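# Secondary and tertiary structure notes
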Amino acid sequence: MRFNEREMRYFAKTMSTDKEGRLGHKHPKESVYKDRWMKLKNNLLFYFRTNEHGNILDSDALGVIILERCQIRPEPATDVPFAFSVVFEDESDRKHYFSTTTERQCEEWVRILKQASSETLKSRISRLQEKYRQKTSREPRQLVLTKARQQPRRYSPVPTIVPHRTAPPPPLPPRPVVEPQQPKSSIDDLLIDWT
């Protein structure tokens, strides 16, 4: 999946989280668990370096795990207690391991990560749509269109940013009125009085 790295870093710094906490993390390319601070928002799991006290060391995320087409499951047969893993469908060899300090924390993280995965969200939407069809005999999409037509248009409370424009130039001063000179019609008017 492609994403803009700079926007993702900014999002990781400024987001409100669904869940966050300190976990041990073993990356697929590594052989040891490292202490990481995890932040979950929607289906994005960011991980950060931690200092010796377990707090975030650097505000830039080390990486992000996109919880899409993956399975989250407890891993009782690992070298650390209270572990779970995230395994991707296409890449079963790319397995992220996580460890917690208690069994309760492990169960909570597994439950929340399962709820955050895009597959869970899609299946939840499908179940709700089916329940709606059974109760109303109408498609959910029809309801959305009907509601949209019935409600007056709402304007966003966020102000629209208008590009800065310079003030129009001041009006030009009025032109002086110059009356046209009458052409001299006779030769007498052209003669100069020399006396």
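Predicted, not measured: the structure shown is a model, and the values here were computed from it.

### Some remarks on the overall build of the protein
Looking only at helices and strands, the protein has five helices and seven strands in total. Moving toward the C terminus, one meets the helices and strands of the protein in the order α-β-β-β-β-β-β-β-α-α-α-α. Counting across all 195 residues of the protein, residues that qualify as buried make up 27%. In the protein, once contacts between residues fewer than 6 apart in sequence are set aside, the share between residues at least 24 apart is 38%. Taken as a whole, the protein presents about 15,900 Å² of accessible surface, with 52% of it coming from carbon and sulfur.

### Here's the deal with the packing of aromatic side chains
Under the definition given, this model contains one aromatic pair. Here Phe 84 and Phe 98 contribute two aromatic rings whose centre-to-centre distance is 5.2 Å and whose plane-to-plane angle is 20 degrees, an arrangement assigned as stacked. Remark: Phe 98 occurs in strand β7 (residues 95-99) and Phe 84 occurs in strand β6 (residues 83-88); sequence separation between them is 14 residues. Phe 98 matches Phe 84 in its accessibility class, with the two residues each being buried. Taking the ring centre of Tyr 97 as reference, the NZ or CZ of Lys 26 above it sits at 5.0 Å. Here the guanidinium or amino end of Arg 94 rests over the ring plane of Phe 88, the centre of that ring lying 4.5 Å away.

### Describing the pattern of salt bridges
Side chains carrying opposite charge are able to pair once their charged atoms draw close together. Scanning all chains against the criterion turns up ten salt bridges. Here Glu 75 ties to Arg 73 by a salt bridge, and the two come within 3.8 Å at their closest N and O atoms. Look at Glu 75 and you get buried, because its relative accessible area is 13%. Residues Arg 133 and Glu 139 are paired through a salt bridge, measuring 3.2 Å at the closest nitrogen-oxygen approach. For Arg 133, a relative accessible area of 26% translates into the label partly exposed. Counted as one network, the salt bridges with shared partners bring together Arg 73, Glu 75 and Lys 95.

### Let's talk about the packing of helix α2 (residues 103-116) against helix α3 (residues 118-136)
Any two packed helices are characterised by how steeply their axes cross, that is the angle between the axes, and by the distance between the axes. Contact geometry for α2 and α3: axes closest at 5 Å, N-to-C directions at 65 degrees. Facing α2, whose interface residues are Lys 114, Gln 115 and Ala 116, α3 presents Ser 118, Thr 120, Leu 121 and Arg 124. Among the residues forming the contact of α2 with α3, the class breakdown is two nonpolar, three polar and two charged.

### Observations regarding the pairing of β6
With six of six residues buried, β6 is to be regarded as a mostly interior element. Burial of β6 is two-sided: the residues Ala 83, Ser 85 and Val 87 facing one way and the residues Phe 84, Val 86 and Phe 88 facing the other way are all buried. Pairing between strand β5 (residues 70-74) and β6: five bridges, direction antiparallel. The partner of Ile 72 across the bridge, within β6, is Val 86. Counting the residues between successive antiparallel strands, the hairpin from β6 to β7 contains six residues.

### Here we look at the nonpolar core
Leu 45, Leu 67, Phe 84, Phe 98 and Leu 113 are the most contacted members of the largest nonpolar core, which has 19 residues in total. When residues of this core are traced back to their parent elements, those giving at least two are β2 (34-41), β3 (44-49), β5, β6 and α2. Counting residues per element, this core draws most heavily on α2, which supplies six residues.

### Notes on the side chain of Arg 36
Here Arg 36 is to be found in strand β2. Summary of buried charges: Arg 36 has no salt-bridge partner, and the nearest side chain of opposite charge, Glu 30, is 5.2 Å away. Apart from residues no more than four positions distant in its own chain, Arg 36 is found in contact with Gly 21, Arg 22, Leu 23, His 25, Tyr 47, Phe 48, Arg 49, Thr 50 and Leu 62.

### Overview of unusual backbone geometry
Glycine aside, residues mostly have negative phi angles, and peptide bonds mostly take the trans form. The phi dihedral of Arg 69 falls on the positive side, at around 50 degrees, and the residue is not glycine. Tracing the backbone through its elements, the reader meets Arg 69 in the loop between β4 (63-66) and β5. Residue classification places Arg 69 among the partly exposed residues on the basis of a relative accessible area of 38%. Despite not being glycine, Ser 137 has its phi angle at roughly 60 degrees, a positive value. Looking at where Ser 137 falls in the secondary structure, it is placed in the loop between α3 and α4 (140-150).

Calculation rules
- Residues numbered from 1 in each chain as written.
- Predicted model: local features only at pLDDT ≥ 70, side-chain atom pairs only at ≥ 80, totals over all residues.
- Heavy atoms only, no water.
- Helix = DSSP H or I, 4+ residues; strand = E, 2+ residues; numbered from the N terminus.
- Buried < 20%, exposed > 50% of the residue type's maximum accessible area, 1.4 Å probe, protein only.
- Contact = heavy atoms within 4.5 Å.
- Areas by Shrake-Rupley, 256 points an atom, 1.4 Å probe, with all protein chains shown as cover.
- Phe/Tyr/Trp six-rings, centres within 6.5 Å; stacked < 30°, edge-to-face > 60°.
- Lys NZ or Arg CZ within 6 Å of the ring centre and 35° of its normal.
- Salt bridge = Lys/Arg side-chain N within 4 Å of Asp/Glu carboxyl O.
- Axes fitted to C-alpha atoms, helices over the stretch in contact; angles between N-to-C directions.
- Nonpolar A, V, L, I, M, F, W, Y, C, P; charged D, E, K, R; others polar.
- Pairing = 2+ DSSP bridges.
- Core = buried A, V, L, I, M, F, W, Y, C linked by side-chain atoms within 4.5 Å.
- Lys, Arg positive; Asp, Glu negative; His and termini not counted.

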